[in-house]
Structure formats: C-alpha cells, structure tokens
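Architecture at a glance
As a plain string of letters, each chain reads:
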Amino acid sequence: MAVLKILTSEDSRLRQETREVTEITPDIRQLIRNMSSTLYAANGVGLAATQVGSDKRIALVDIGEGLIVLINPEIVACSGRVVCQEGCLSIPGYTAEVERFSWVRVSARDLKFRQFEMEGTGLLAQALQHEIDHLDGVLYVDKADPLTLKKSGTEQ
Ligand code: NI
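The text that follows walks through the structure, step by step, so that each part is easy to find.

Calculation notes
- Residues numbered from 1 in each chain as written.
- Predicted model: local features only at pLDDT ≥ 70, side-chain atom pairs only at ≥ 80, totals over all residues.
- Heavy atoms only, no water.
- Helix = DSSP H or I, 4+ residues; strand = E, 2+ residues; numbered from the N terminus.
- Rg over C-alpha atoms; globule rule 2.2 N^0.38 Å.
- Contact = heavy atoms within 4.5 Å.
- Areas by Shrake-Rupley, 256 points an atom, 1.4 Å probe, with all protein chains shown as cover.
- Core = buried A, V, L, I, M, F, W, Y, C linked by side-chain atoms within 4.5 Å.
- Buried < 20%, exposed > 50% of the residue type's maximum accessible area, 1.4 Å probe, protein only.

Glancing now at the overall build of the protein. A tally of helices and strands in the protein yields three helices and six strands. Each helix (α) and strand (β) of the protein, taken in turn from the N terminus, gives the series α-β-β-β-β-β-α-α-β. In terms of overall dimensions, the protein is globule-like: its C-alpha atoms have a radius of gyration of 14 Å, near the 15 Å expected for 156 residues. For the protein, the spread of C-alpha atoms along the three principal axes comes to 45 × 30 × 30 Å. Nonlocal contacts in the protein, meaning residues at least 24 apart in sequence, comprise 67% of its contacts between residues at least 6 apart. Carbon together with sulfur atoms contributes 50% to the accessible area of the protein, which is approximately 7,700 Å² in total.

So, in structure tokens, the structure goes:
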C-alpha cells in the first residue's frame, strides 16, 4: 500500500472528467487500497479518485463508522437543505459554509461490483455529496458562500 499525493486546488486534474468503472481489476483494487491509506494518513472523512490524479469514478467515505467504498456513485434521491461547515483535503487549512441536501440516497457499486443503495443524513450526507461533487470536477468552494471562507477546521 502507498500513501498517494493529494492534489491541491490549483491542479487542473481536480477538474477532469471522470469515467465509470466497468469491472474490478487488480489495478482498481490497488487504487482503492492506496486511496484508503491516503485517506487515513490525512485524517480525512472522504477522498475521491480525482484527488489523487485518477479519472476513475471512485470515492471513499469514513465518518468514523468504517470505510465505505463507492464505485460509480450517484445521488438518486435527496431532500431538505442545510448549511454545513466544510473543508477539503485538496484545500488544506480552510473551511467555508456550503448549502447541502440534509438527506441523500446514493446508488453505487461495492468492491465486488455489486450494486447497492445507502442513505445518509448529517455528516454522512454531507460527505457523500462532497465526494460525488469531486467526481464531477466540483470543489466545495465553487458552491460555498465566499464570505464564510476562513482558516482551519475539519477536512474531507
Ligand atoms: Ni474534498
């Protein structure tokens, strides 16, 4: 396993179009293992493949309740609005307020490429939206209220 370099916001690869994973290959498994090491080394709550320079639609989330591997994730239902304090491993040392859905249902595939659905509220809902945004080349600062940008806080 390897800890990968996390790209920072000026890197154009964070804006690249991602491609759906079509099968679980040894390379995909290796990428996920390395992303996992990278996430935990950085103490994050989520990491998207774009943040380590990959164009695969893969995101990891762990809000402290175990690792969730999301392959080809998409939001299939959502409701409510809530203002969240948010940070990002690709924008170290800053947070800002972002409006998010307060509840989401996400469809994705797991490590065995089985389709599954999960629901989240609170920090989990926020992290799911944040990581799926990364896979669409979107950073939280694109959606944040610029007047609320400030130094330090939790990162994901
Ligand atoms: Ni992020």
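A word on the nonpolar core. Ranked by internal contacts, the top residues of the largest apolar core, which has 16 residues, are Ile28, Ile32, Met35, Leu47, Ile58, Leu60 and Ile71. Going through the elements one at a time, helix 1 (26-41), strand 2 (58-61) and strand 3 (68-86) are the ones with two or more residues in this core. In this structure, leucine 47 is in contact with Ile6, Met35, Thr38, Leu39, Val52, Ile58, Ala59, Leu60, Leu89 and Glu131, ignoring residues within four places of it in sequence. Val61, Val106, Met118 and Ala127 belong to the second largest nonpolar core, which has 12 residues in total.

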